[in-house]
Amino acid sequence: MNKRVVNKRVVNKRVVRIGRLRPFAFGVLALALLLAAWEAYRNWVGPWLGTERDVGKVLGFKLLPRANDLAMPSVFDMGREFGKPEIRGSSTSVFEAVVAHTFNSLKLAVAALILGTIVGIGAAILMARFRVVQRGLMPYLVISQTIPLIALAPLTVTWGGEISIFGFEWQKWTSALVLGAFLSFFPIAVGALRGFNSPDPASLELMDSYAASWWSTWRKLRLPAAIPYLAPAMRLAGSAAVFGVIVSELSGGLTNGVGYLILAYLQEGTSRPAKVFTAVAGTVVLGLLMATLINAADRYFTRNRPRGEFS
Amino acid sequence: MTLAGDALAVEVNGVHKVFNIGRPNRIDALTDVQLQVAAGEFVSLIGPSGCGKSTLLRLIADLLEPTVGTVTVNGKSPRQARLDQDYGMAFQQAGLFEWRSVAKNIELPLELKGWDKAKRHARALEMLELVKLPDRADAMPWQLSGGQQQRIAIARALAAHPLLLLMDEPFGALDEMTREHMQAELLRICAATQTTVVFVTHSIPEAVYLSDRVVVMSPGPGRITSIIPVGLDRSRDEGTREATQFYDKITEVREALRGNVANATDELSGIEDR
Ligand SMILES: Nc1ncnc2c1ncn2[C@@H]1O[C@H](COP(=O)(O)OP(=O)(O)OP(=O)(O)O)[C@@H](O)[C@H]1O
Ligand SMILES: [Mg+2]
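If you're wondering where the values come from, they're calculated on a predicted model, not measured in any experiment. Note on numbering: residues in each chain are counted from 1, in written sequence order. Written order determines the labels here, with chains lettered from A and ligands numbered from 1. With pLDDT at 70 or above as the cut-off, local features in this predicted model cover only qualifying residues; side-chain atom pairs require 80 or more to be listed or tallied, and sums for whole chains, interfaces and linings still use all residues. Based on all heavy atoms of the structure, the side-chain values leave hydrogens and waters out of the count.

Colleague: What should I look at first to understand the overall build of chain B in this one?
Modeller: Secondary structure elements follow DSSP: runs of H or I of four or more residues count as helices, runs of E of two or more count as strands, with numbering from the N terminus. Looking only at helices and strands, chain B features 8 helices and 9 strands. The globule rule is 2.2 Å times the number of residues to the power 0.38, and the radius of gyration it is compared with is taken over C-alpha atoms. Rg of the C-alpha trace for chain B: 19 Å, near the compact-globule value of 19 Å for 274 residues, within the 12% margin. Across its three principal directions, the C-alpha atoms of chain B cover 55 × 45 × 40 Å. Counting across all 274 residues of chain B, residues that qualify as buried make up 54%. Contact definition: two residues touch when any of their heavy atoms are within 4.5 Å. Long-range pairs, those at least 24 residues apart, make up 70% of the contacts in chain B with a sequence separation of at least 6. Calculation of accessible area relied on Shrake-Rupley with a 1.4 Å probe; when residues are assessed, cover is drawn exclusively from the protein chains displayed. In the form shown here, chain B has an accessible surface area of approximately 11,400 Å², with 51% of it arising from carbon and sulfur atoms. The rule is simple: take the accessible area with a 1.4 Å probe, protein chains only, and divide by the maximum for that residue type; under 20% is buried, over 50% is exposed, in between is partly exposed.

Colleague: Where do I start with the sheet that holds strand 9 (residues 223-229) of chain B in this structure?
Modeller: Pairing between the strands of a sheet is mediated by backbone hydrogen bonds and can be parallel or antiparallel. All names here are of chain B. As summarised here, the arrangement of the 6 strands in space is 5-6-7-3-8-9, forming an open sheet in which the pairing is mixed. Where the open sheet ends on each side, the last strands, each with one partner, are strand 5 (87-90) and strand 9. Pairs of neighbouring strands in the sheet enclose a mean axial angle of 15°, with direction left out of account. Two strands are counted as paired when DSSP detects at least two bridges linking them. Sheet topology note: the strand 5/strand 6 (residues 164-168) ladder contains 4 bridges and is parallel. Within strand 6, the residue paired with G88 across the bridge is L165. Helix 6 (residues 176-193) rests against strand 3 (42-46), strand 6 and strand 7 (196-201) of the sheet, and its axis sits at about 160° to strand 7. Helix axes use the C-alpha atoms of the stretch in contact, all axes being lines fitted to C-alpha atoms, and the angles between their N-to-C directions lie in the range 0 to 180 degrees.

Colleague: Could you clarify how one ought to interpret the confidence of the model for chain A in this entry?
Modeller: Regions with low pLDDT should not have their predicted coordinates read in detail. Per-residue confidence from the predictor is reported as pLDDT, a score between 0 and 100. Of the residues in chain A, 87% reach a pLDDT of 70 or more, and the chain-wide mean stands at 83. Averaged over each element, pLDDT in chain A is lowest for strand 1 (residues 56-58) of chain A (69) and highest for helix 3 (residues 94-129) of chain A (94).

Colleague: Help me out: how do you make sense of the domain arrangement of chain B in this one?
Modeller: How big an interface is tends to be stated in terms of accessible area lost as the parts join. All names here are of chain B. Each domain of chain B was delimited in the assignment, giving domain 1 (8-86 + 164-273) and domain 2 (95-161). Contact residues are listed per partner, giving 14 residues for domain 1 and 14 residues for domain 2. By buried area we mean how much accessible surface two parts lose on assembly, using a 1.4 Å probe and totalling the loss over both. With both chains or domains summed, domain 1 and domain 2 bury close to 1,200 Å², and 67% of this area falls on carbon and sulfur atoms. By the criterion of area lost to domain 2, the three top residues of domain 1 are Q85, M182 and I189, representing 40% of everything that side buries. A carboxyl oxygen of Asp or Glu within 4 Å of a side-chain nitrogen of Lys or Arg is what we treat as a salt bridge. Note that E185 is salt-bridged to K132, the shortest N-O span being 3.4 Å. Throughout this description, a polar contact denotes any pair of N or O atoms lying within 3.5 Å of each other; where both atoms belong to protein, one of them has to be capable of donating a hydrogen while the other can accept it, and for residues adjacent in sequence the pair is counted only when both atoms sit in side chains. Counting every contact that joins domain 1 to domain 2 gives 3 residue pairs in polar contact (both at pLDDT 80 or more). At the level of secondary structure, the elements contributing two or more residues to the side of domain 1 that touches domain 2 comprise strand 6 and helix 6. Each residue is assigned to one of three groups, with Ala, Val, Leu, Ile, Met, Phe, Trp, Tyr, Cys and Pro labelled nonpolar, Asp, Glu, Lys and Arg labelled charged, and all others, Gly among them, labelled polar. The residue inventory of the side of domain 1 that touches domain 2, partitioned by class, reads 7 nonpolar, 4 polar and 3 charged. Delimitation of the domains relies on an automatic or database domain assignment.

Colleague: Sorry, what's going on with unusual backbone geometry here?
Modeller: The phi angle of most residues is negative, glycine excepted, and most peptide bonds adopt the trans form. All names here are of chain B. With omega at -10°, the peptide bond leading from G220 into P221 counts as cis. Of note, P221 is situated in the loop between strand 8 (213-218) and strand 9. Of note in this structure, N74 is not a glycine but carries a positive phi near 50°. Note that N74 resides in the loop between strand 4 (68-73) and helix 2 (78-83). A residue is classified by how much of its surface remains accessible, and N74, at 24% relative accessible area, is partly exposed.

Colleague: What exactly am I supposed to notice about the sheet that holds strand 4 of chain B here?
Modeller: Residue and element names in this part refer to chain B. Strand order in the open sheet made by the 3 strands is 2-1-4, with antiparallel pairing throughout. Looking at strand neighbours, the two that pair on one side only are strand 2 (27-38) and strand 4, the edges of this open sheet. Mean inter-strand twist for the sheet, computed between neighbouring axes without regard to direction, equals 15°. Sheet analysis places strand 1 (residues 8-19) next to strand 2, joined by 8 bridges and oriented antiparallel. Within the sheet, the bridge partner assigned to E11 lies in strand 2 and is Q36.

Colleague: Which parts of the structure should I look at to understand helix 5 (residues 146-159) of chain B?
Modeller: An expected span of 1.5 Å times one less than the residue number is assigned to each helix. Taking 1.5 Å per residue, 14 residues should reach 20 Å; helix 5 of chain B reaches 20 Å between its end C-alpha atoms and fits that length. Summarising burial for helix 5 of chain B: 12 of the 14 residues are buried, a large majority. Among the residues making up helix 5 of chain B, those that are buried are G147, Q148, Q150, R151, I152, A153, I154, A155, R156, A157, L158 and A159 of chain B. Looking at the buried side of helix 5 of chain B, the elements it contacts are helix 7 (201-209) of chain A together with strand 5, helix 3 (102-113), helix 4 (117-130), strand 6 and helix 6 of chain B. Positioned one or two residues after helix 5 of chain B, H161 of chain B has a phi angle of 50°, which is positive.

Colleague: Whenever I open this one, the side chain of S44 of chain B confuses me. Can you help?
Modeller: All names here are of chain B. Mapped onto the fold, S44 is located in strand 3. Judged by its relative accessible area of 0%, S44 falls in the buried class. Polar contacts involving the side chain of S44 include one to the side chain of S211, which spans 2.5 Å. Those residues within four positions of S44 in sequence are excluded, and the remaining contacts are F199, T201, A207, S211, R213, V214 and V215.

As structure tokens, then:
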């Protein structure tokens, strides 16, 4: 009997492991295909079309990029850039710099996601608890998503050093944090609200029959029922947080983060055209790390749920 | 087994329940309902769909309030009885929380009552023993069969030692074999715990097999048309289902239901003769 239990566990574990690796494997495959297409264009398709010197035209539109080292550096050059010193004579390599800046952005994006999640869930609780709040708040939420808030990024960055809240100086990274949080907050609030309202009337009636308070009902029924709704919301929110942070960094003022690094390396475009792509690779890794973190959290929180309903 | 006539578990007095009052789609779900259930008694409510069985059960459970009339549960208002968790409830759907293990599902009412952890768990294991699933404490609900889930729901309803059990078609979704098995289990459990039961069903044999009295209801407007004492021996077993007296009672309840149809606008829908 013991043996059977052990066997079952082993089988289960194997299933889980394959299930976990599959999206990752597809991601790597997709990236590899993209890089291969890039190389194929600059090495063979471009020269064959004659676009080394000038942009290629399709039906009269200038559509195809120049297949030369300046516009489309080789993937292998990009790889080699990682090993070079950041600036001539510097002791830090490009690789170290990209890792450091990416890690910085990751910290900021995770903090933004956490902040957005707290505020989003808080708003969803208020909306689930009080219909008035839902009716009052929802229009603002929807409007806040229709205006391109990202345009405010350069503005909020200039608040650096000029705003002070209760002795807390508004730092430049605070802008990135707030923007990331603001962008991630909406999907969380909407997903959590749907989740909190998802229990069927019979379950709510059951809690009523125990004379459970609204808070007990929330903790023991509404919150756990919302977990499957929160997972996809977190995925959206995760990429929104990364997006908000990188755009803030890109919009100037900041001296840290992978967005800043793209700007900085772009300045050296002509001398080392492949260098900026190391920072771009950093953003790709950043997005993947974020997705991995959220997937791990999802797996953890839904470990006891029946499989195959939402994923 | 105290069937003392003076101790009333449930008393329903001149109750009317109207839904959508003052609107064109007004429904008289219950009119002039009079019902007394003695402590320790097993009473079934039977009648065509829409005759107000669930509504009557919800009134007793204080999930609804009567438009006119009063309901008393264990000598208190239903609200007080609900706050005191005097009753346990079970529905047609087991309604287990899928994120809680079997034991944790049974512990839910105990948590809300503020029992400490060790006591809760001990009680959950005791209840699992009672519903004959002693080794499934750590299983998740979705790993159980429908009948097993239903047994867990009954264990949950009984966990907090309720004096009264309110059940709305709890075996409706089960196959015939499991159903008969569960009926025997329920009688055994109720005899062991001396619980009063108000039981809604669509099945005449089920009502006769389980009950001390069968309350026959009729729709449009919902009301009680007759109350039939079953008068079978309390210790029922599989032999009971073959006894002539059992068949006579089934016939009597069926005729009471037929009588309804003659003057009801609804057809006799959803009543099983099995
Ligand atoms: N919340 C409600 N609002 C409005 N009408 C209701 C409500 N609940 C029940 N009703 C109506 O009251 C009547 C009685 O309903 P009830 O659920 O008590 O019937 P029932 O006897 O349990 O039927 P079934 O056997 O189909 O479960 C029905 O006509 C139903 O439409
Ligand atoms: Mg009903």
